[in-house]
Amino acid sequence: MNIMIAYDGSRNAKLALAQTITMFRTLTPKITLVAVAENPRDITSGNEDMFQEEVTELKGYLKEALEVCESQKVSAETMLLEGDPRKMLLFAAEKKVHPDMLVIARHSHEPDGGFIARSLTYFVDELDYMTFGSVSSFLARRIQCPLLILPSR
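Our subject in this report is the structure included herewith.

Calculation notes
- Residues numbered from 1 in each chain as written.
- Predicted model: local features only at pLDDT ≥ 70, side-chain atom pairs only at ≥ 80, totals over all residues.
- Heavy atoms only, no water.
- Helix = DSSP H or I, 4+ residues; strand = E, 2+ residues; numbered from the N terminus.
- Buried < 20%, exposed > 50% of the residue type's maximum accessible area, 1.4 Å probe, protein only.
- Contact = heavy atoms within 4.5 Å.
- Salt bridge = Lys/Arg side-chain N within 4 Å of Asp/Glu carboxyl O.
- Phe/Tyr/Trp six-rings, centres within 6.5 Å; stacked < 30°, edge-to-face > 60°.
- Lys NZ or Arg CZ within 6 Å of the ring centre and 35° of its normal.
- Core = buried A, V, L, I, M, F, W, Y, C linked by side-chain atoms within 4.5 Å.
- Axes fitted to C-alpha atoms, helices over the stretch in contact; angles between N-to-C directions.
- Parallel < 35°, antiparallel > 145°, perpendicular 65-115°, else oblique.
- Left-handed = near helix turned anticlockwise from the far one by under 90°.
- Nonpolar A, V, L, I, M, F, W, Y, C, P; charged D, E, K, R; others polar.
- Patch = residues over 30% accessible without salt bridge, like charges linked within 9 Å, V, L, I, M, F, W, Y side chains within 5 Å.
- Areas by Shrake-Rupley, 256 points an atom, 1.4 Å probe, with all protein chains shown as cover.
- Lys, Arg positive; Asp, Glu negative; His and termini not counted.
- Charge placed at Lys NZ, Arg CZ, Asp CG, Glu CD.

Let us look at the environment of Leu17. Topologically, Leu17 is positioned in helix H1 (residues 11–24). On the accessibility criterion, Leu17 (1% relative accessible area) is buried. Considered as a pair, Leu17 and Ala65 are 48 residues apart in the sequence and their alpha carbons are 7.9 Å apart. In this view, Leu17 contacts Ile5, Tyr7, Ile31, Leu33, Ala65, Val68 and Cys69; residues no more than four positions away in its chain are not counted.

This part covers the pattern of salt bridges. Scanning all chains against the criterion turns up two salt bridges. A salt bridge links Lys30 to Glu77; the shortest N-O distance between them is 3.6 Å. In this pair, Lys30 sits in strand E2 (residues 30–37) while Glu77 sits in strand E3 (residues 75–82), placing the two residues 47 residues apart along the sequence. On the basis of relative accessible area, Lys30 is assigned to the partly exposed category, the value being 36%. With its nearest N and O atoms 3.0 Å apart, the salt bridge here joins Asp84 to Arg86.

With respect to the helices, strands and loops of the structure, Ile143 is situated in the loop between helix H5 (135–142) and strand E5 (147–150). A residue is classified by how much of its surface remains accessible, and Ile143, at 12% relative accessible area, is buried. Separated by 49 residues in the primary sequence, Ile143 and Glu94 place their C-alpha atoms 7.7 Å from one another. With near-sequence residues (within four places) excluded, Ile143 lies in contact with Leu90, Ala93, Glu94 and Leu102.

With that settled, the discussion passes to the side chain of Thr32. Tracing the sequence through the fold places Thr32 in strand E2. On the accessibility criterion, Thr32 (0% relative accessible area) is buried. With residues near it in sequence (within four places) discarded, Thr32 still touches Asn2, Ile3, Met4, Ile5, Glu77 and Val97.

Summed over the entire model, instances satisfying the criterion amount to zero aromatic pairs. Cation over ring: Arg86 sits above Phe138, and NZ or CZ is 5.0 Å from the ring centre.

Next up on the list: the nonpolar core. Of all hydrophobic cores here, the largest spans 22 residues; its most connected members are Ile5, Tyr7, Leu17, Ile31, Leu33 and Val103. At the level of secondary structure, the elements contributing two or more residues to this core comprise strand E1 (2–6), H1, E2, helix H2 (45–71) and strand E4 (101–105). With six residues, H2 is the largest single contributor of residues to this core.

Once that is clear, we can look at the packing of helix H3 (residues 85–97) against H5. Each pair of packed helices can be summarised by the angle the axes make with each other and by the distance between the axes. Look at H3 against H5: their axes get within 9 Å of each other, and the N-to-C directions meet at 40°. As the angle between them shows, H3 and H5 are arranged oblique. The element H3 and its partner H5 pack so that their crossing is right-handed. Residues Arg86, Lys87, Leu89, Leu90 and Glu94 of H3 touch H5, and the partners they reach there are Val135, Phe138, Leu139 and Arg142. Taken together, the residues of the contact of H3 with H5 sort by class into five nonpolar, no polar and four charged.

Our next topic: a negative patch on the surface. Together, Glu48, Asp49, Glu53, Glu57 and Glu82 make up a region of like negative charge exposed at the surface. No other element matches the four residues that H2 contributes to the negative patch. Mapped onto the secondary structure, Glu48 falls in helix H2.

So far we have only geometry, and geometry alone does not tell us how the molecule works.
Following this line, the structure appears as structure tokens:
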């Protein structure tokens, strides 16, 4: 089984990797970890420096994730792309990796709270979907393979 995981080194991405390994270990998966560095919006030295820092961080996160896969005896490779994460993940899935499944972690900025916090989070998520579209909603509408969106914990 060929599984592509959108990986940014976040806590949720690390949990998604661990859950994917646990859920699909018996199918002897080949995992492709894909990270995307967003291009700077203009050509100033400050933005270029921030972009290079992001690339360096992502390379480190991918290396750590690869080590996790190796320690779990799971075949894995990495891919680092530049651009809009939504479009580049779609491009990677459809033109490069051709996965049997794409796994992404639901992004969250805040820990899950009580009823009011969950209601507000739901409202903000819906507003985000209607106005901008999150990575997961963008991919859910366009990807041609099964998409597994793992919740944050």
